[in-house]
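Residue-level structural notes
Residue strings, one per chain:
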Amino acid sequence: MKERPITLTVNGRRLTATVEPRLTLAGFVRRQLGLTGTHLGCEHGVCGACTLIVDGAAVRSCLMFAVQADGAEVTTVEALASDQELSPLQRAFRKHHALQCGFCTSGILMTMHALLKAEPQASAERIREVLSGNLCRCTGYIPIVEAVLEAAASYGSESR
Ligand code: FES
Ligand code: FES
């Protein structure tokens, strides 16, 4: 299939690339950009492990083609920490032991980051509702919700 050029912004950096039309956005960020913090689990939209933020919305990057991200602003989990310092959300996950194997974690972080940016006052019930689209097989959800609730205080005026 004929490759196509795309121009997009990834983690604040504008770039142009050439992609096969059938390449998923997940495959693009992992293989062509080397951003392997984005994980692939089910590859059909069920587990949420591949969640990225595209133009402010949490999306399943296994269900989106890279060509569909032409012109978009994409944020991956690599953008959360800066200068070797974890983001408030990541620090809260560490404090509350909200991960074990970590396979689901990047997707959950991105889903919750998008939620807290849009709804910094999100209740535990709302967090659970949005979190229901992300599967974790080993940690359990109570510490994850506790971590998100704690991190929510750092969103709002300052929302990274
Ligand atoms: S890998 Fe995309 S939803 Fe599971
Ligand atoms: S921490 Fe292992 S699947 Fe969630």
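Structure shown above.
What you see is a predicted model; the values in this text were computed from it and never measured.

The phi dihedral of Glu43 is positive, around 60°, even though this residue is not glycine. For Glu43, the position within the fold is in the loop between α1 (25–32) and β3 (51–54).

So, about the pairing of strand β1 (residues 4–10). Pairing between β1 and strand β2 (residues 13–19): seven bridges, direction antiparallel. The residue of β2 that forms the bridge with Val10 is Arg13. Between β1 and β2, which follow one another and run antiparallel, lie two residues, and Asn11 among them has a positive phi close to 50°.

A separate point is the pattern of salt bridges. In the structure shown here, the tally under the stated rule is five salt bridges. A salt bridge links Arg22 to Glu20; its shortest N-O distance comes to 3.1 Å. For Glu20, a relative accessible area of 29% puts it in the partly exposed group.

Within the secondary structure, Gln90 is located in helix α2 (residues 88–95). A polar atom in the side chain of Gln90 sits 2.9 Å from the backbone nitrogen of Ser87. Beyond its immediate stretch of four places on either side in the chain, Gln90 contacts Val77, Leu80, Ala81 and Leu109.

Bringing the environment of Ile108 into the picture now. Residue placement: Ile108 occurs in helix α3 (residues 105–118). With near-sequence residues (within four places) excluded, Ile108 lies in contact with Phe93, Leu131, Asn134, Cys136 and Ile144.

We now examine the pairing of β3. On β3, burial covers both faces: Thr51 and Ile53 on one face and Leu52 and Val54 on the other are all buried. In the sheet, β3 pairs with strand β4 (residues 57–60) via four bridges, with the strands oriented antiparallel. Each bridged residue has a counterpart across the sheet, and for Thr51 the counterpart in β4 is Arg60. The antiparallel hairpin formed by β3 and β4 contains two residues in its connecting segment, where Asp55 sits at a positive phi of about 50°. Note that β3 and strand β5 (residues 73–75) share two bridges and pair antiparallel. Residue Val54 lies in a different strand from β5, and its bridge partner there is Val74.

What follows concerns the nonpolar core. Leu89, Phe93, Ile108, Met112 and Val148 are the most contacted members of the largest nonpolar core, which has 26 residues in total. Secondary-structure elements contributing two or more residues to this core are α2, α3, α4 (124–131) and α5 (142–151). Examining the composition of this core, we find that seven residues originate from one element, α3, more than from any other.

Cut-offs and rules
- Residues numbered from 1 in each chain as written.
- Chains lettered and ligands numbered in written order.
- Predicted model: local features only at pLDDT ≥ 70, side-chain atom pairs only at ≥ 80, totals over all residues.
- Heavy atoms only, no water.
- Helix = DSSP H or I, 4+ residues; strand = E, 2+ residues; numbered from the N terminus.
- Pairing = 2+ DSSP bridges.
- Salt bridge = Lys/Arg side-chain N within 4 Å of Asp/Glu carboxyl O.
- Buried < 20%, exposed > 50% of the residue type's maximum accessible area, 1.4 Å probe, protein only.
- Polar contact = N/O pair within 3.5 Å; in protein donor to acceptor, adjacent residues only side chain to side chain.
- Contact = heavy atoms within 4.5 Å.
- Core = buried A, V, L, I, M, F, W, Y, C linked by side-chain atoms within 4.5 Å.

These figures capture arrangement, not role.
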